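Understanding the architecture of this molecule
Read off the chains here:
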Amino acid sequence: MLTPGTTITAKIRVERNGFDDRIAFEVTNLPHGIIVDDIGLSGVLVREKEFERPIVLRAEPWVADQDRTFQATAQVEGNQVTLPLVIKVRRNPQPGPNLVPEN
C-alpha cells in the first residue's frame with residue numbers, strides 16, 4: 001500500500017535462463033502522479049549477471065485513493081512482461097501487503 005506523499009520499495013526479479021546481458025525495463029500503467037524514482041540515466045536496469053533490482057515508487061501528495069494494475073516490460077528481444085501487479089493507494093492505509101499479484 002502506498003500513501004500519497006510517500007515512497008515504497010519493490011523488486012524486479014529475473015530468471016536469466018542463460019541470458020547474461022543487462023536487461024532494461026519499462027514500468028507502465030502506473031497511476032497519474034506515481035513514478036519510478038531514483039532510476040538514474042539508464043532507467044530501470046538489471047545489470048549483467050544480476051538477478052534483481054530494487055525500485056522505488058513515489059506518489060505525489062495529491063494522488064487519489066485507488067487500486068491500479070501495472071507491469072514492467074523487458075526491453076530486450078521478446079519483450080517479456082511481468083505478471084500484473086496491483087498498487088493500492090490509500091490516504092489512511094490499512095495493514096497488509098504493498099503489492100499484490102492479480103489473480
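Report on the accompanying structure. (Residues numbered from 1 in each chain as written. Predicted model: local features only at pLDDT ≥ 70, side-chain atom pairs only at ≥ 80, totals over all residues. Heavy atoms only, no water.)

**Concerning the pattern of salt bridges**
To be explicit about the condition: Definition used for salt bridges: Asp or Glu carboxyl oxygen within 4 Å of a side-chain nitrogen of Lys or Arg. Numbering of helices and strands starts at the N terminus; helices are DSSP runs of H or I of at least 4 residues and strands are runs of E of at least 2. Partly exposed describes any residue whose relative accessible area lies between the buried limit of under 20% and the exposed limit of over 50%, with all areas from a 1.4 Å probe on protein chains only and scaled to the type maximum.
This structure, assessed with the given rule, holds seven salt bridges. A salt bridge links E52 to K11; the nearest nitrogen and oxygen atoms lie 3.2 Å apart. Taken together, the residues span a long stretch of sequence, with E52 in strand β5 (residues 52-59) and K11 in strand β1 (residues 7-13) at a distance of 41 residues. K11 sits in the partly exposed class, given a relative accessible area of 47%. Salt-bridge contacts for E50 lead to R47; the nearest nitrogen and oxygen are separated by 2.9 Å.

**Side note on the side chain of R16**
The condition is simple: Asp and Glu are treated as the negative residues and Lys and Arg as the positive ones, with His and the ends of the chain left uncounted. N or O atoms closer than or at 3.5 Å make up a polar contact, with two conditions inside protein: a donor-capable atom paired with an acceptor-capable one, and, for residues adjacent in sequence, both atoms drawn from side chains. Residue contacts follow a heavy-atom distance rule, with two residues in contact if any of their heavy atoms lie within 4.5 Å.
Turning to its location among the elements, R16 is positioned in the loop between β1 and β2 (23-28). Although R16 is buried, it forms no salt bridge, and the closest oppositely charged side chain is D20 at an N-O distance of 5.1 Å. Reaching out from R16, the side chain makes a polar contact with the backbone oxygen of F19 at a distance of 2.9 Å. From its side chain, R16 meets the backbone oxygen of D21 in a polar contact 2.8 Å long. If we ignore the near neighbours within four places in the chain, the residues touching R16 are D21, I23, V46, R47, E48, K49, E50 and F51.

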